[in-house]
Amino acid sequence: MVSIQQAEPAPALISAPVPSTKPAHRAIDLVKGRTTSPAVGNLPLLRGPRNGDTRTAVIVFGQGQEKIVAVFAEVLGKSYRVRNGFRDVSSDDRDLVVGIAATQAKSDIAARDRTSIVAINVHCTSMGMPPDAYLSAQCDYEFLYTEALCSRRDISRFVSHTLGQLNHHETLMAKPRTYFISTTFPDVHAALPNIDILTVGADAVEIRVDLLKEPLADGTYAPVPSLSYVGEQVMLLRQRTELPIIFTTRCTAENGRFPMDNPDLYYEYLYRAIQWGVEYIDVEIWLPERIRRRLYEQRGSSRIMSAFHDFSGTFKWPSARAEATFRESARFADIVKMIAIINDHNENFELEYFRSKIKAEYPDAPPLSAVNMGETGQFSRTLNRVFTPITHPLLPIIAAPGQLSASEINQALALLGQLPRKNIYGINTPSSRISTPQAPFYGKCFNELGLPHHFSVVERPLKGFASVEAWCNQKNFGGAYLYPAVSFQHLISNSAFFASINNGTGPILSDSVKLIGMVDTIVVQSKGSFSASPALSSAPSSPGRHQNSESIGSVALSQSGLPPTTVLVFENAAWKGILSTLTRDFAPSAYSGRAAVVLASNSDDAASPLLALKALMVSKIYTVGFKASPAVARDFNLEPFDSLESMQKARTNDAYPANHGASPFVVVSALAPEKSNLVGMLVRVFGSRGPSTFRKVFLDLADGSFPRKGDPKLIAEQCGFAAYGAEDVMAFTTVETLRLLVGQNVPYSFVRLASGRPMF
Ligand SMILES: O=C1C[C@@](O)(C(=O)O)C[C@@H](O)[C@@H]1O
């Protein structure tokens, strides 16, 4: 076993921001592909939000743009003040967002106390001026926006990432396979109309900065696009996709166009990308060590993808050079990317040997993303599992010889027997079926992704699980979602089949199911390999113990039962759908330490909202209409509203910020549509009285397609709430369900588009 030396801290060449959350060393504790975690009740294992950077956020705003400070404050769930300079920011401002006009900030920004202040330069590009170069360089981060398109969503994403409250990297690295789409547009505008469809199957979007063409006044193009042009391009992309962005300045020697004569230019662009909150920064290995080290040390919440390309045709995977390149890359990287031109198909196998050797000998090293280029190398693109670069037929050019689309990779895997055709089910009850017309949508996704699977919506009776057993106990069972969710206890105690699988130990439970006991997704995995992609795991097709040949509804079941080499994992996707909805326009800190109200008619319906709120670190959850199960009551800080007095008490705690956290900030209702009147009444009780800068949040999980009197969402909006509905949660939950069932990322915006409700 070989270990890799950690990067030694070196003095930064320019004064660098050091967020309090910045990891001191490269993250080496990732456990790839693990879907279940050992501990119950340990929320960080659920990869939930974090407290992140708790320094005072100072917003440096341009002339006439003071109102943006209030928006940042609202998104972060804080109050704000405008000060005349950094010298006026004191420890009394610790829990505030502070605004300072750009003109005033310039005089003392350099002397600010970096241990207690994080400075964000906020610049409106619609003013027709680039941001002030001095402020851009001095601030820790920079947020660019357009007046017309500036949304809370963009700000929430930006601050959640830069301040370390949400980080997608761990979640992505736990996925069995990840892909990124290499966009090759000279101008991002050209990508925007098709971005939803282009990104289906992608976990991240690469912006090839070196391929951008900035038009100049004389009709020519800038040899290198200016930072202000690149900043706007990144902003445009971020406004239109929720996917993490990879920022690449590919050099001329590696099939790119970024000039190589001045390595410091790379530092300038790549460091600025960190300041813009870009999630992944591609840093080429040929760059001087001082630059790579500095970027790694200054990366904040961004992650460094080290990049090595060899176009010589002489590179050999089984060589000391290949291993040395990996070792050198790993010193300053969160992901190591190695890509080479090969001449012979056998070299693909040499790469696979290299991949497994690295995995075995450097278990703590960053994940390796390695593929071969050219047609000969295409096979390796089907085998790589970490951030495989993909293209799409709608792109103007492919970014590298031999690139494949997600659909081509899946089709190739299917042909090679690595992605067997599976039956995947949407299991509804009679009442839920009308409201979830999912079959065409799943069919569209599978088609777009080139997946061979078959999806059917089936109906189970409200009581009894015989049919669910029958669908799951098939040789070709590929997983299912259950709508509505089912209690694990109920499922196990009523099903000899579920109780007997996995040698009688029953299904594997995800952390979320361990915590709240509600199952809405059944994932199939190969035994002993929980890292295998769910539907990708090619289970031997020998007949299992569980024989079943009956036919239910219109779905003919295959002859043999679930193979004994597979195991079922019970998952819950809905809590993540709720979490994503609640954090769309608000950073997790807006919820942290504050109180919530959950309305439900039983504890099963309340389970997912409770978990999402716990992950958001709310201080207390007032409950209405249900009694939590003992397990949930033990793990969550709940207080029932059992009288008008208790409600009144919570309501009068409204004097923010003195009683910060006591008065409910978020109300989630899981009551049926028939109870709208009651929900509306409660929303009024907890709504803002008088003008308030602190918008509260309301989420109505009732199915909006049912006719009802008095839409609580409308009432909530009138009472100063930001209101969300079941359709938002459903779309985010579908994203999560698809990740769990088929291991593929289908962006939220595509789900909304395909369901006829575009988001943007
Ligand atoms: O590093 C890579 C991989 C790549 O070169 C490929 O081979 O697909 C494509 C580039 O856009 C990307 O930055």
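Criteria and cut-off values
- Residues numbered from 1 in each chain as written.
- Predicted model: local features only at pLDDT ≥ 70, side-chain atom pairs only at ≥ 80, totals over all residues.
- Heavy atoms only, no water.
- Pairing = 2+ DSSP bridges.
- Helix = DSSP H or I, 4+ residues; strand = E, 2+ residues; numbered from the N terminus.
- Contact = heavy atoms within 4.5 Å.
- Axes fitted to C-alpha atoms, helices over the stretch in contact; angles between N-to-C directions.
- Salt bridge = Lys/Arg side-chain N within 4 Å of Asp/Glu carboxyl O.
- Buried < 20%, exposed > 50% of the residue type's maximum accessible area, 1.4 Å probe, protein only.
- Near = heavy atom within 4 Å.
- Polar contact = N/O pair within 3.5 Å; in protein donor to acceptor, adjacent residues only side chain to side chain.
- Areas by Shrake-Rupley, 256 points an atom, 1.4 Å probe, with all protein chains shown as cover.
- Nonpolar A, V, L, I, M, F, W, Y, C, P; charged D, E, K, R; others polar.

The name an unreviewed UniProt entry gives the protein chain is Type I 3-dehydroquinase-domain-containing protein, with Neurospora hispaniola as the organism.

### Examining the sheet that holds strand S18 (residues 508-509)
One open sheet accounts for six strands, arranged S16-S15-S17-S19-S22-S18; its pairing is mixed. This sheet does not close on itself; its edge strands, each paired only once, are strand S16 (454-459) and S18. Strand direction decides the pairing type here: strand S15 (residues 423-428) and S16, joined by six bridges, are parallel. Within S16, the residue paired with Ile-424 across the bridge is Phe-455. Contacts between helix H15 (residues 439-449) and the sheet are confined to S15, S16 and strand S17 (477-487), with S16 contributing the most and set at about 165° to the helix.

### Structural notes on the pattern of salt bridges
Overall, the coordinates contain 36 salt bridges when judged by the stated rule. Here Glu-289 ties to Arg-293 by a salt bridge, and the two come within 2.7 Å at their closest N and O atoms. Highlighted residues: Glu-289 and Arg-293, both in helix H9 (residues 289-297), separated by four residues, approximately one helical turn. We classify Glu-289 as partly exposed; its relative accessible area is 31%. A salt bridge links Asp-310 to Arg-321; its shortest N-O distance comes to 3.0 Å. In this pair, Asp-310 sits in strand S10 (residues 303-310) while Arg-321 sits in helix H10 (residues 320-331), placing the two residues 11 residues apart along the sequence.

### Notes on the pairing of strand S3 (residues 96-101)
Of all six residues in S3, six are buried; the element is thus mostly enclosed. Alternating residues of S3 divide into Leu-96, Val-98 and Ile-100 and Val-97, Gly-99 and Ala-101, and every residue in both groups is buried. Strand direction decides the pairing type here: strand S1 (residues 56-61) and S3, joined by five bridges, are parallel. Following the sheet pairing, Phe-61 is matched in S3 by Ala-101. Two strands pair when backbone bridges link them, and strand S2 (residues 79-83) and S3 are joined in this way by five bridges, in the parallel orientation. Bridge assignment links Val-82 to a residue of S3, and that residue is Gly-99.

### Structural notes on unusual backbone geometry
Here the amide bond leading from Tyr-483 into Pro-484 is cis, since omega sits at 5°, within 30 degrees of zero. Its location among the elements puts Pro-484 in strand S17. Its identity as a non-glycine residue notwithstanding, Asn-503 has a phi of 55°, on the positive side. Inspection of the secondary structure assignment puts Asn-503 in the loop between helix H18 (496-500) and S18. Residue class for Asn-503 comes out exposed when judged on its relative accessible area of 64%. We note that Met-617 has phi near 60°; this positive angle belongs to a residue other than glycine.

### Some words on the site of the ligand
By nearness alone, 14 residues border the ligand, and Glu-206, Arg-250, His-309, Lys-337 and Arg-381 come closest of all. His-309 has a polar side-chain atom sitting 2.8 Å from an oxygen atom of the ligand. In isolation the ligand offers 320 Å² of accessible surface; the protein chains occlude 99% of this area. Every element with two or more residues in the shell around the ligand is listed here: strand S7 (204-208) and strand S11 (335-341). For the shell around the ligand, the per-class residue count stands at five nonpolar, four polar and five charged.

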